[in-house]
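# Observations on the model geometry
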Amino acid sequence: GAGVSQSPRYKVAKRGQDVALRCDPISGHVSLFWYQQALGQGPEFLTYFQNEAQLDKSGLPSDRFFAERPEGSVSTLKIQRTQQEDSAVYLCASSLVLGSSYNEQFFGPGTRLTVL
Amino acid sequence: DQQVKQNSPSLSVQEGRISILNCDYTNSMFDYFLWYKKYPAEGPTFLISISSIKDKNEDGRFTVFLNKSAKHLSLHIVPSQPGDSAVYFCAASAVQRGTYKYIFGTGTRLKVLA
């Protein structure tokens, strides 16, 4: 497919469990972003990669959150020891280049995480 | 402190009429503004954008207006169609740490009545 894909689409975790969320960006897209969207809110920035380099992780809410993009394409967002407040939709987005005048971010469908 | 605000959580409009969605921001450093549309169980889809050096951008039925002095932008959809029913997010961006970082509003749910 040509779009951003994410898996799993839905994840239910027990409190304290570790989870891993995957993002496959559009092929050739340099930039990759993770967002967290709580119920009734807009997406909130978590972290950003340019190729394999994580240039900004200022939005990660705690050290339980970790993201990687080791080969500059697929990215994984890992949440350790999940808490109920981690329940949200996690969105991944990619964009072609930095500095383009057309800096649209293309979003995946998201992973809905529910922590019981 | 929310830098991008959409004060209307919902809006209902008759088919064929104009829909006007509003967005206010506080940071004068934002240099690019975007609107995204979101259907249930899907990710946001880019709709239209405007650079801070412009005051209007039009694409088919969609027009975005930017009033920098008021720190206000609006999205006009005319004529509105039932398929336009979705949640609309306003986003503002500025270059930070090597990329355009987006700040989103909380969204406005538009319902177009047939």
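Right above here is the structure, for reference.
Residues numbered from 1 in each chain as written. Chains lettered and ligands numbered in written order. Predicted model: local features only at pLDDT ≥ 70, side-chain atom pairs only at ≥ 80, totals over all residues. Heavy atoms only, no water.

## Considerations on the sheet that holds strand β1 (residues 5-7) of chain A
All names here are of chain A. Taken together, the 4 strands give an open sheet; going across it, the order is β1-β3-β8-β7, and neighbouring strands pair in antiparallel fashion. Each of the sheet's edge strands pairs with one partner strand only, and the pair in question is β1 and β7 (65-68). Taken pair by pair, the neighbouring strands of this sheet meet at an average axis angle of 15°, ignoring direction. Sheet topology note: the β1/strand β3 (residues 19-24) ladder contains 3 bridges and is antiparallel. (Pairing = 2+ DSSP bridges. Helix = DSSP H or I, 4+ residues; strand = E, 2+ residues; numbered from the N terminus. Axes fitted to C-alpha atoms, helices over the stretch in contact; angles between N-to-C directions.)

## Side note on the pairing of β3(A)
All names here are of chain A. The alternating pattern of β3 places Val 19, Leu 21 and Cys 23 on a buried face, while none of Ala 20, Arg 22 and Asp 24, on the opposite face, is buried. Here β3 pairs with strand β8 (residues 75-79) via 5 bridges, running antiparallel. Considered in β8, the bridge of Cys 23 is made with Ser 75. (Buried < 20%, exposed > 50% of the residue type's maximum accessible area, 1.4 Å probe, protein only.)

## Remarks on the interface of chain B and chain A
Counting from both sides, the interface comprises 19 residues of chain B and, opposite them, 26 residues of chain A. Summing the contributions of chain B and of chain A, the shared interface buries around 1900 Å²; its carbon and sulfur component is 55%. Of the charged contacts in the structure, one is a salt bridge between Lys101(B) and Asp56(A), with a shortest N-O distance of 2.8 Å. On inspection of chain B and its partner chain A, the count reaches 4 residue pairs in polar contact (both at pLDDT 80 or more). Put simply, the parts of the chain that give the side of chain B that touches chain A at least two residues each are β4 (32-38), β9 (86-96) and β10 (99-104) of chain B. Broken down by element, the residue count for the side of chain B that touches chain A peaks at 5 residues, all from β10(B). In terms of residue class, the side of chain B that touches chain A is made up of 9 nonpolar, 6 polar and 4 charged. (Contact = heavy atoms within 4.5 Å. Buried area = accessible area lost by both parts, 1.4 Å probe. Salt bridge = Lys/Arg side-chain N within 4 Å of Asp/Glu carboxyl O. Polar contact = N/O pair within 3.5 Å; in protein donor to acceptor, adjacent residues only side chain to side chain. Nonpolar A, V, L, I, M, F, W, Y, C, P; charged D, E, K, R; others polar.)

## Let's talk about the nonpolar core
Formed by 24 residues in total, the largest nonpolar core has its most connected members in Phe33(B), Trp35(B), Leu73(B), Leu75(B) and Tyr88(B). Elements with a contribution of two residues or more to this core: β3 (19-25), β4, β5 (45-51), β7 (62-67), β8 (72-77), β9 and β11 (108-113) of chain B. Here this core gets 5 residues from one element, more than from any other, and that element is β9(B). With residues up to four places along the chain from it excluded, the contact list for Leu73(B) reads Leu21(B), Asn22(B), Cys23(B), Tyr25(B), Phe33(B), Trp35(B), Val64(B), Phe65(B), Leu66(B) and Cys90(B). Val4(A), Phe49(A), Cys92(A) and Leu113(A) belong to the second largest nonpolar core, which has 20 residues in total. (Core = buried A, V, L, I, M, F, W, Y, C linked by side-chain atoms within 4.5 Å.)

## Brief notes about the pairing of β7(A)
Residues and elements named next belong to chain A. Side chains Phe 65 and Ala 67 project from β7 onto a buried face, and the interleaved Phe 66 and Glu 68 project onto a face without burial. Bridge count between β7 and β8: 4 bridges; the pairing is antiparallel. Bridge assignment links Glu 68 to a residue of β8, and that residue is Thr 76. Counting the residues between successive antiparallel strands, the hairpin from β7 to β8 contains 6 residues, one of them, Gly 72, with a positive phi of roughly 75°.

## Some thoughts on the sheet that holds strand β6 (residues 56-59) of chain B
Residue and element names in this part refer to chain B. If you trace the 5 strands from one edge of the open sheet to the other, you get β1-β3-β8-β7-β6, paired in antiparallel fashion. Among the strands making up the open sheet, the edge pair consists of β1 (4-5) and β6. Inspection of the sheet shows β7 paired to β8 by 6 bridges, in the antiparallel sense. Within β8, the residue paired with Val 64 across the bridge is Leu 75.

## Some remarks on unusual backbone geometry
Look at the link from Ser7(A) to Pro8(A): it is a cis peptide, with omega at -10°. Mapped onto the elements, Pro8(A) comes out in the loop between β1 and β2 (10-13). Residue Pro79(B) is bonded to the preceding Val78(B) through a cis peptide linkage, with omega at -10°. Counting through the fold element by element, Pro79(B) comes out in the loop between β8 and β9. Even without glycine at this site, Asn51(A) takes up a positive phi of about 55°. For Asn51(A), the position within the fold is in the loop between β5 (44-50) and β6 (53-56). Even without glycine at this site, Arg81(A) takes up a positive phi of about 50°. Inspection of the secondary structure assignment puts Arg81(A) in the loop between β8 and β9 (88-95).

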